[in-house]
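Chain and residue survey
One letter stands for each residue in the lines below.
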Amino acid sequence: MEKNRLASSIPACNMIIALLIFAQIPIMFGIAAPNAVIFALPWILAAFPIILICVVIMYKNGEFVDATLNAILSGVLMGQNFVRGMIALQFVTSGREVSQELILSSYAIDKWVYLAGGVILLFAGWLASFQCKMAAIGVWAGAVGFLALAAMYHGIGNIFGMIGAIGLVILGIYLLYSGIAILVNTAMQKEVMILK
């Protein structure tokens, strides 16, 4: 290990993001009500500071691509989910319903963020393809998920919400596998789990 270099935080960050994606599967697939994001708050709150620490370690280690993507997509989006959960909690505890106008305004904002996130992930998948085809597939599935969510929030059709959820679950599966693989391969000092 190089002097002044910390152990890689990439496996931890990948597994944490996978856990957060999985925590939201019931919401993404309509099994739980949208306000169920309230119950994802403990997971997001526990994970968010660790993600930030992981990103700082990645930057310190010169893992620029992973650090940038995690800062933008994990830090910002999971932070947004936390704030959204807090807003939902406040509406529920005050006994007020969220107005249709407020919901539509949220969709108008979200479609642009998911569009930008999808474009970021398209390029991230391209960068990943130079090192690991499995990573490229996982990241591109996430890109499809984000772009589909942008289409859904634009009002093109609810089927895009299902496509978006499937894309994000595929990304979550890749992140879980890759996090475990990097951890196991590093600990064993040989390739035990394939990551190509």
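Description of the structure in this document. Each chain has its residues counted from 1, running along the sequence as written. Local features in a predicted model are, by the rule used here, given only for residues with pLDDT of at least 70; side-chain atom pairs are given and counted only at 80 or more, and totals for whole chains, interfaces and linings are based on all residues. Values shown for side chains rest on all heavy atoms present in the structure; no hydrogens or waters enter the calculation.

What follows deals with the environment of Val56. Strands are runs of DSSP state E lasting at least two residues, helices are runs of H or I lasting at least four, and both sets are numbered from the N terminus onward. You can see Val56 is positioned in helix H3 (residues 37-60). Sequence spacing of Val56 and Ser9 is 47 residues, and the spatial spacing of their C-alpha atoms is 9.1 Å.

Right, let's get into a nonpolar patch on the surface. In this scheme, patches are assembled from residues that exceed 30% relative accessible area and form no salt bridge. Like charges are connected within 9 Å, while nonpolar side chains (Val, Leu, Ile, Met, Phe, Trp, Tyr) are connected within 5 Å. Residue exposure ignores everything except the shown protein chains as possible cover, and the areas themselves are Shrake-Rupley values with a 1.4 Å probe. Should a side-chain nitrogen of Lys or Arg be within 4 Å of a carboxyl oxygen of Asp or Glu, the pair is scored as a salt bridge. Together, Tyr59, Phe64, Val65, Trp112, Leu115, Val119, Leu122, Phe123, Trp126, Leu127, Phe130 and Trp140 make up an exposed nonpolar region whose accessible area comes to about 1,200 Å². Contributions of two or more residues to the nonpolar patch are made by helix H4 (64-94) and helix H5 (100-129). Ranked by the residues each element gives to the nonpolar patch, the list is headed by H5, at seven residues. Checked against the element boundaries, Phe64 lands in helix H4.

Another aspect to go through is the nonpolar core. Within the largest apolar cluster, 35 residues are counted, with the highest numbers of intra-cluster contacts made by Leu20, Ile51, Phe146 and Leu175. Mapped onto this core, the elements with two or more residues apiece are helix H1 (10-23), H3, H4, H5, helix H6 (133-154) and helix H7 (159-188). Ranked by residues supplied to this core, first place goes to H6 with eight residues. If near-sequence neighbours (up to four positions away) are discounted, Ile51 is found in contact with Cys13, Ile16, Ile17, Leu20, Ser74, Gly75 and Met78. As used here, the term nonpolar core means buried Ala, Val, Leu, Ile, Met, Phe, Trp, Tyr and Cys residues forming a set that is joined through side-chain atoms within 4.5 Å. Exposure is judged per residue with a 1.4 Å probe applied to protein chains only, and the accessible area is read against the type maximum: over 50% gives exposed, under 20% gives buried, and values in between give partly exposed. The contact criterion used is simple: two residues touch if any of their non-hydrogen atoms lie within 4.5 Å.

This next bit is on the pattern of salt bridges. For the coordinates displayed, the defined rule picks out three salt bridges. Across the pair Asp110 and Arg84 runs a salt bridge whose closest N-O atoms are separated by 2.8 Å. Taken as a pair, Asp110 in helix H5 and Arg84 in helix H4 lie far apart in primary sequence, 26 residues in all. For Lys196, the salt bridge goes to Glu191, with nearest N and O atoms at 3.9 Å. The class of Glu191 is partly exposed, set by a relative accessible area of 47%.

So, about the packing of H1 against H7. It is the contact of H1 with H7, at a shortest axis distance of 8 Å, that shows an interaxial angle of 150°. Taken together, the axis directions place H1 and H7 in an arrangement best described as roughly antiparallel. For H1 against H7, the interelement crossing comes out left-handed. Facing Ile10, Pro11, Asn14, Met15, Ile17, Ala18, Ile21 and Phe22 of H1, the residues of H7 in contact are Leu168, Val169, Leu171, Gly172, Ile173, Leu175, Leu176, Ser178, Gly179, Ile180, Ile182 and Leu183. In this description, a line fitted to the C-alpha atoms serves as the axis of each element, helices being fitted only across the stretch in contact, and the angle between N-to-C directions of two axes falls anywhere from 0 to 180 degrees. These descriptions rest on fixed angle ranges, namely under 35 degrees for roughly parallel, over 145 for roughly antiparallel, 65 to 115 for roughly perpendicular, and the rest for oblique. By definition, turning the near helix anticlockwise from the far helix through less than a right angle yields a left-handed crossing, and turning it clockwise yields a right-handed one.

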